[in-house]
Amino acid sequence: MACLVALKALTWPDLSHWRGLPECTVAELEQILSTAHDSWRGGGYVGEDHRLLSWLSASGGDFPDSIRVWLDGDHVVMMDAEILGHPSDLRPLLTKLGAPAAKLDARSGGVLLKGSEWVYPDRGLTLFVEPYNHAPLRVAVYPRTTLQEYRKKFRFLGGRRVR
């Protein structure tokens, strides 16, 4: 039940109610988000410890693009989605969230963006933000954790993607 409640709170642009990803299975996820049996699937590395996970594409939650659902077997580990929005999309959310625990350097399209990965580990939320105009680029959600554990287990480093 906690999974269903959490996934209903996963809506763009208001993620202020997000409090971390509880334990979820693909079957629970499919009660809230849409996945097609012929949807994109692949694998890649997540976290500075380079965990190899599989992923599938889902849609819903008012996200402008598909949501990549990272899996360990049938267990949902984390999710991320591209936003490519405007600075005005982010301002109301930042007012509610406050300052992130950390602003890390991240890559987008092969370009290093200084301080663009805004981490809220106690909320299980990371915003990828264009550092000059604060336009949202991507969002990632995962279980509530510490900054150290986020870096080791959930940080998306742009590892290989395969179908």
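Here, every reference points to the structure presented above.
Residues numbered from 1 in each chain as written. Predicted model: local features only at pLDDT ≥ 70, side-chain atom pairs only at ≥ 80, totals over all residues. Heavy atoms only, no water.

Engineer: I tried to follow the overall build of the chain on my own but got confused; where do I start?
Structural biologist: Scanning the chain from terminus to terminus reveals four helices and eight strands. In the chain, the order of α-helices and β-strands from amino to carboxyl end is α-α-β-β-β-β-α-β-β-β-β-α. Relative to the 2.2 N^0.38 estimate, which gives 15 Å for 163 residues, the radius of gyration of the chain is 15 Å and therefore close to what a compact globule would have. By principal-axis analysis of the C-alpha atoms, the chain measures approximately 40 × 30 × 30 Å. (Helix = DSSP H or I, 4+ residues; strand = E, 2+ residues; numbered from the N terminus. Rg over C-alpha atoms; globule rule 2.2 N^0.38 Å.)

Engineer: What should I look at first to understand the pattern of salt bridges in this one?
Structural biologist: Where charged atoms from two side chains of opposite charge come close, those side chains can pair. The final tally for this structure, using the stated rule, is 10 salt bridges. E82 is paired through a salt bridge with R138; the nearest N and O atoms lie 3.9 Å apart. Within this pair, whereas E82 is found in strand β4 (residues 75–82), its partner R138 is found in strand β8 (residues 136–141), the two being separated by 56 residues in sequence. On the accessibility criterion, E82 (30% relative accessible area) is partly exposed. Of the charged contacts, one joins E149 and K153 as a salt bridge, the two residues approaching to 3.5 Å between their closest N and O atoms. Separated by four residues within a single helix, E149 and K153 lie in helix α4 (residues 147–154), roughly one turn from each other. Salt bridges linked by common partners bring E48, E117, R151 and R155 together as one network. (Salt bridge = Lys/Arg side-chain N within 4 Å of Asp/Glu carboxyl O. Buried < 20%, exposed > 50% of the residue type's maximum accessible area, 1.4 Å probe, protein only.)

Engineer: What should I look at first to understand the environment of A9 in this one?
Structural biologist: With respect to the secondary-structure elements, A9 resides in the loop between α1 (2–8) and α2 (26–29). In this structure A9 comes out as partly exposed when scored by relative accessible area, which is 22%. Each C-alpha atom, one on A9 and one on S59, is 14 Å from the other, the two residues being 50 residues apart in sequence.

Engineer: Sorry if this is basic, but what is going on with the packing of aromatic side chains here?
Structural biologist: The description of an aromatic ring pair rests on the distance of the ring centres and on the angle between the ring planes. Using the criterion set out here, one finds three aromatic pairs in the structure. The structure contains a cluster of three or more aromatic residues connected by ring pairs, namely Y142, Y150 and F154. The ring of W55 is capped by R68, whose NZ or CZ atom sits 5.8 Å from the centre of that ring. Of note, K103 hangs over the ring of W118, and the distance from its end group to the ring centre comes to 4.1 Å. (Phe/Tyr/Trp six-rings, centres within 6.5 Å; stacked < 30°, edge-to-face > 60°. Lys NZ or Arg CZ within 6 Å of the ring centre and 35° of its normal.)

Engineer: What's the story with the pairing of β8 in this structure? I'm lost.
Structural biologist: Put simply, side chains in a regular strand alternate between the two faces of the sheet. Burial of β8 is extensive: six of the six residues sit out of reach of the surface. Looking at chain direction, β4 and β8 are connected through four bridges and run antiparallel. Considered in β8, the bridge of A81 is made with V139. In terms of strand pairing, strand β7 (residues 125–129) meets β8 through five bridges, oriented antiparallel. Across the sheet, F128 pairs through a bridge with R138, a residue of β8. (Pairing = 2+ DSSP bridges.)

Engineer: Before we go on, may I ask you to explain the sheet that holds β4 in this structure?
Structural biologist: One key point about sheets: their strands pair by backbone hydrogen bonds, in either a parallel or an antiparallel sense. With antiparallel pairing, eight strands are arranged side by side in an open sheet as β1-β2-β3-β4-β8-β7-β6-β5. What marks the edges here is a single partner per strand, and that holds for β1 (41–46) and β5 (102–108). When the angles between neighbouring strand axes are averaged without regard to direction, this sheet yields 30 degrees. Strand direction decides the pairing type here: β5 and strand β6 (residues 111–120), joined by six bridges, are antiparallel. By the bridge assignment, A106 is partnered in β6 with L113. Packing of helix α3 (residues 87–97) onto the sheet brings it into contact with β6, β7 and β8, and relative to β7 it is tilted by some 145 degrees. (Axes fitted to C-alpha atoms, helices over the stretch in contact; angles between N-to-C directions. Contact = heavy atoms within 4.5 Å.)

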